[in-house]
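What the coordinates show
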Amino acid sequence: MRKFTTLIVLTASWLAWSGHYDGLLLSFGAASVLCVFYLLNRIGLAALDPRSAKTFLKMVPYLPWLLREIIKSNIDVAKIIWQPKISIDPAVREIPATQETALGLVTFANSVTLTPGTLSINATPGSLTVHALEAAAFDGEGFSEMDRRVTGLEN
Amino acid sequence: MNVLDIISWVLILIGSFACLTAGLGLIRLPDFFCRSHAGGIMDSLGMGCLFAGMALQSSSPLVLVKLFFIYGFVLLTGPAAIHALARAALHAGLKPQLGKSTGGDASTR
Amino acid sequence: MTAKALAKWTAESLDWRTEMFSVAMIAVLLTMLLALARALLGPTVYDRILAVNSFGTAAILFIAVLGFLSERPEFLDIALVYALINYIGTVAVLKFFKFGDLGHADNAEDTP
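Small disclaimer: the values here were computed from a predicted structure and weren't measured.

Thresholds, definitions, all that
- Residues numbered from 1 in each chain as written.
- Chains lettered and ligands numbered in written order.
- Predicted model: local features only at pLDDT ≥ 70, side-chain atom pairs only at ≥ 80, totals over all residues.
- Heavy atoms only, no water.
- Helix = DSSP H or I, 4+ residues; strand = E, 2+ residues; numbered from the N terminus.
- Rg over C-alpha atoms; globule rule 2.2 N^0.38 Å.
- Buried < 20%, exposed > 50% of the residue type's maximum accessible area, 1.4 Å probe, protein only.
- Contact = heavy atoms within 4.5 Å.
- Lys, Arg positive; Asp, Glu negative; His and termini not counted.
- Charge placed at Lys NZ, Arg CZ, Asp CG, Glu CD.
- Domains from an automatic or database assignment.
- Expected span 1.5 Å × (residues − 1).
- Bend = angle between axes of the 7 residues up to and from the residue.
- Arc of directions from axis to C-beta.
- Salt bridge = Lys/Arg side-chain N within 4 Å of Asp/Glu carboxyl O.
- Pairing = 2+ DSSP bridges.
- Axes fitted to C-alpha atoms, helices over the stretch in contact; angles between N-to-C directions.
- Polar contact = N/O pair within 3.5 Å; in protein donor to acceptor, adjacent residues only side chain to side chain.
- Parallel < 35°, antiparallel > 145°, perpendicular 65-115°, else oblique.
- Left-handed = near helix turned anticlockwise from the far one by under 90°.
- Buried area = accessible area lost by both parts, 1.4 Å probe.
- Nonpolar A, V, L, I, M, F, W, Y, C, P; charged D, E, K, R; others polar.

1. A look at the overall build of chain A
Counting its secondary structure elements, chain A contains 5 helices and 3 strands. Starting at the N terminus, the α and β elements of chain A follow one another as α-α-α-β-α-β-β-α. For 155 residues, the compact-globule estimate of 2.2 N^0.38 gives 15 Å, and the C-alpha radius of gyration of chain A, at 20 Å, exceeds that figure by more than 25%. Among the 155 residues that make up chain A, the fraction classed as buried is 41%. For chain A, the share of sequence-separated contacts (at least 6 apart) that also reach a separation of at least 24 residues comes to 68%. If the 13 positive side-chain charges of chain A are averaged to one point and the 13 negative ones to another, these points end up 6 Å apart.

2. Considerations on the domain arrangement of chain A
Quoted interface sizes are often the accessible area lost when the parts come together. When its domains are assigned, chain A resolves into domain 1 (2–42) and domain 2 (50–154). Taking only C-alpha atoms into account, the centre of domain 1 of chain A sits 35 Å from that of domain 2 of chain A.

3. A few points about helix α2 (residues 32–57) of chain B
All names here are of chain B. An ideal rise of 1.5 Å per residue puts 38 Å on 26 residues; α2 measures up with 37 Å between its terminal C-alpha atoms. At Gly46, α2 shows its strongest bend, of approximately 30°. With respect to burial, α2 is a largely interior element, 24 of its 26 residues being buried.

4. Points about helix α2 (residues 23–42) of chain A
Residue and element names in this part refer to chain A. Counted at 1.5 Å a residue, the expected span for α2 with its 20 residues is 28 Å, and the 29 Å between its end C-alpha atoms agrees. All of the buried residues along α2 are Gly29, Val33 and Phe37. Buried positions in α2, seen along its axis, are confined to an arc of 70° and lie on one side of it. The exposed residues of α2 that point more than 90 degrees off its buried face are Leu24, Phe28, Leu34, Tyr38, Leu39 and Arg42.

5. Observations concerning the pattern of salt bridges
Residue and element names in this part refer to chain A. For the structure shown, the criterion picks out 3 salt bridges over all chains. The shortest N-O distance in the salt bridge between Lys72 and Glu69 comes to 3.4 Å. Of the two residues, Lys72 and Glu69 are both situated in helix α3 (residues 50–82); the distance of 3 residues between them amounts to about one turn of the helix.

6. Comments concerning the sheet that holds strand β1 (residues 91–96) of chain A
Residues and elements named next belong to chain A. Taken together, 3 strands build an open sheet; the order of strands is β1-β3-β2 and the sheet is antiparallel. The sheet is open, and its two borders are formed by β1 and β2 (118–124), each paired with just one other strand. The mean angle between the axes of side-by-side strands here comes to 25°, regardless of whether they run parallel or antiparallel. Note that β2 and strand β3 (residues 127–132) share 6 bridges and pair antiparallel.

7. Section: the side chain of A:Thr118
Structurally, A:Thr118 can be placed in strand β2. Residue A:Thr118 is classed as buried on the basis of its relative accessible area of 9%. Within polar-contact distance, the side chain of A:Thr118 engages the backbone oxygen of A:Val112 at 2.8 Å. A distance of 3.1 Å separates the side chain of A:Thr118 from the side chain of A:Thr115, its partner in a polar contact. Other than its neighbours up to four places away in sequence, A:Thr118 contacts A:Val112, A:Thr113, A:Val130, A:His131, A:Ala132, A:Ala137, A:Phe143 and B:His37.

8. Structural notes on unusual backbone geometry
Residue and element names in this part refer to chain C. The backbone phi angle of Glu71 is positive, close to 55°, even though this residue is not glycine. Relative to the assigned elements, Glu71 resides in the loop between α3 (45–69) and α4 (75–99). Using a relative accessible area of 64% as the deciding quantity, one classes Glu71 as exposed.

9. Observations regarding the packing of helix α2 (residues 16–41) of chain C against α3(C)
All names here are of chain C. Running from N to C, α2 and α3 cross one another at 165°; their axes reach a closest spacing of 8 Å. Here α3 runs roughly antiparallel to α2, going by the angle between their axes. Helix-helix and strand crossings are classified by hand; for α2 and α3 the assignment is left-handed.

10. Let's talk about the interface of chain C and chain B
Facing 42 residues of chain C, the contacting portion of chain B comprises 43 residues. Interface area for chain C against chain B, summed over the two sides, is near 3,800 Å², with a carbon-plus-sulfur share of 81%. Connecting chain C to chain B are 2 salt bridges. For the salt bridge of B:Arg35 with C:Asp47, the shortest nitrogen-to-oxygen distance reads 2.4 Å. At the surface where chain C touches chain B, the tally comes to 6 residue pairs in polar contact (both at pLDDT 80 or more). Of all the secondary-structure elements, those providing two or more residues to the side of chain C that touches chain B are α2, α3 and α4 of chain C. The leading source of residues in the side of chain C that touches chain B is α2(C), at 15 residues. A class-by-class count of the residues in the side of chain C that touches chain B yields 29 nonpolar, 7 polar and 6 charged.

So, in structure tokens, the structure goes:
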């Protein structure tokens, strides 16, 4: 049943991309969907884990918050880059990561990297090594809030 | 020109500026780990604003869907590639330069 | 052609839409130039790979803007393919550089 969902998602994305709906191209589309489905099955990813699916759905309200963080930190980094004499204070520190699933950890690490000014350079279950352009990034509640929000996506 | 066109002008100007900032950051920042941050600017703000500006100019929903998918894909893979790079550099023994608050001297260049 | 006639011709042939995408195009091209400079300057191989990755992102933007400039949004398909290749290329070069080959004997699946 879950594999059937994967098939539907693949077909929908093919239809969204193609824009051509005559017989020959539709048959090519069906062939490519089956091809991709076979490959997904072979690497064991054809059935989407229901917990991951839930996480993906929960990401929808998380993204606007992330977008705001991204814009804020983009402005900070742009200011650093355009100042006549670059003065920065880079620092590397480990921060706790409370996610249980691999997908949660990946989301957290990606969110940290996606906000310019902070960059995750190593991710292990339970902690994330972060390189920051300004050591002040570690001071506030920024990371613990992001961590809490991403963990909230998991369940 | 209506309101949407003006918004798309503004978005494209912001996006162009963000791209230039990223390029300048790649040249000006002092070490590899700092330069990675500049790469992130283009992935997030540069591409986001340029694509949003283009989406407002697009003629068909198909184009909108494509822009959305490309941006989503880049948001997924851009940080992953930068993370892989930084991790490989760290494992290869490249030491990040540290600022004054952590006992280094990479404050200015 | 006098300067006045040239100005008139430019004003007529360049509408604001072309102007808008030309601005984006110039910015993206300059960014590509800067990224290329970093790829040439180095100093470590990771700087070069990072610069090539950024160059690739700029190339995706370039293709997309070119599609809108020439009013052929089909270019977006090429941009998507470039996005795929950019990521896979970065990771492949990274792995090749680290291990010296793209496959490992100990990683090989279903060895009989």
